[in-house]
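Geometric and topological summary
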Amino acid sequence: MIFLDLKIFIEAKDHVKLSRRIRRDQTERGYDLDDVLYRYQNHVMPVFETFIEPLKHQADIIIPNNSKVELSAKVIAGFLRTTLTE
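Everything numeric here is computed off the predicted structure, so don't read it as measured data. Starting afresh in each chain, residues are numbered from 1 along the sequence in its written order. Residues qualify for local features only when their pLDDT is at least 70, as the model is predicted, and side-chain atom pairs are given and counted only at 80 or more; totals for whole chains, interfaces and linings, by contrast, use all residues. The side-chain values count all of the structure's non-hydrogen atoms but skip hydrogen atoms and water molecules.

Quick look at the overall build of the chain now. A run of DSSP states H or I qualifies as a helix once it reaches four residues; a run of E qualifies as a strand once it reaches two. Both are numbered from the N-terminal end. Scanning the chain from terminus to terminus reveals 3 helices and 2 strands. Of the regular secondary structure in the chain, the N- to C-terminal order runs β-α-α-β-α. Taking 2.2 N^0.38 as the reference for a compact globule, 86 residues should give roughly 12 Å; the C-alpha atoms of the chain span a radius of gyration of 16 Å, well beyond that estimate. Relative to its 86 residues, the chain shows a buried fraction of 19%. At a minimum sequence separation of 6, the contacts of the chain that also span at least 24 residues come to 61%. Methods summary: accessible areas were calculated by the Shrake-Rupley approach with a probe of 1.4 Å, and residue burial reflects only the protein chains presented. For the chain, the exposed surface amounts to about 6700 Å²; the carbon and sulfur share of it is 57%. Note that the radius of gyration is over C-alpha atoms, with the globule rule given as 2.2 Å times the number of residues to the power 0.38. A 1.4 Å probe rolled over the protein chains alone gives each residue an accessible area, and that area as a share of the maximum for its type sets the label: buried under 20%, exposed over 50%, partly exposed in between. In this description, contact between two residues means that some pair of their heavy atoms is separated by no more than 4.5 Å.

Another aspect to go through is the nonpolar core. Ranked by size, the top nonpolar core spans 5 residues in total: Phe 9, Tyr 40, Met 45, Phe 48 and Ala 59. Here this core takes 3 residues from helix H2 (residues 33-52), the largest share from any one element. Sequence-distant contacts of Tyr 40, that is, excluding residues within four places in its chain, are made with Asp 14, Lys 17, Leu 18, Arg 21, Met 45 and Pro 46. The set of buried Ala, Val, Leu, Ile, Met, Phe, Trp, Tyr and Cys residues whose side-chain atoms join them within 4.5 Å is what this entry labels a nonpolar core.

This paragraph deals with a nonpolar patch on the surface. To count toward a patch, a residue needs a relative accessible area over 30% and no salt bridge; like charges are then connected within 9 Å, while nonpolar side chains (Val, Leu, Ile, Met, Phe, Trp, Tyr) are connected within 5 Å. Put simply, a salt bridge is a Lys or Arg side-chain nitrogen that is within 4 Å of an Asp or Glu carboxyl oxygen. On the surface, Ile 2, Leu 4 and Leu 84 cluster together into a nonpolar patch covering about 300 Å² of accessible area. Its place among the elements puts Leu 4 in the segment before strand E1 (8-11).

Mapped onto the elements, Asn 65 comes out in the loop between strand E2 (61-64) and helix H3 (69-85). Residue Asn 65 is classed as buried on the basis of its relative accessible area, which comes to 16%.

In this section: the pattern of salt bridges. Per the counting criterion, the structure on display carries 7 salt bridges. A salt bridge links Asp 25 to Arg 24; the shortest N-O distance between them is 2.9 Å. Asp 25 sits in the buried class, given a relative accessible area of 1%. Assessed through its relative accessible area of 28%, Arg 24 is described here as partly exposed. It is possible to trace a salt-bridge network through shared partners that takes in Arg 21, Arg 24, Asp 25 and Arg 29.

Pasting the structure below:
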């Protein structure tokens, strides 16, 4: 039996995160742009900066997720293969 303790931090640039949120909240939730921006600036980012971002330095691997999620999955898979063969 193999046990693996792995902490992965997936990050994206701020403009990518905001763009994705705008697109999702407008299409899936029907929010207007002003509402999306208000929530992002006053709720999402303050919580991220306070509780999530400080944990980044504890991650075993940091994956950039700015464009192609398939590439991120390949990086994780390669890291797991290397770790499990050691």
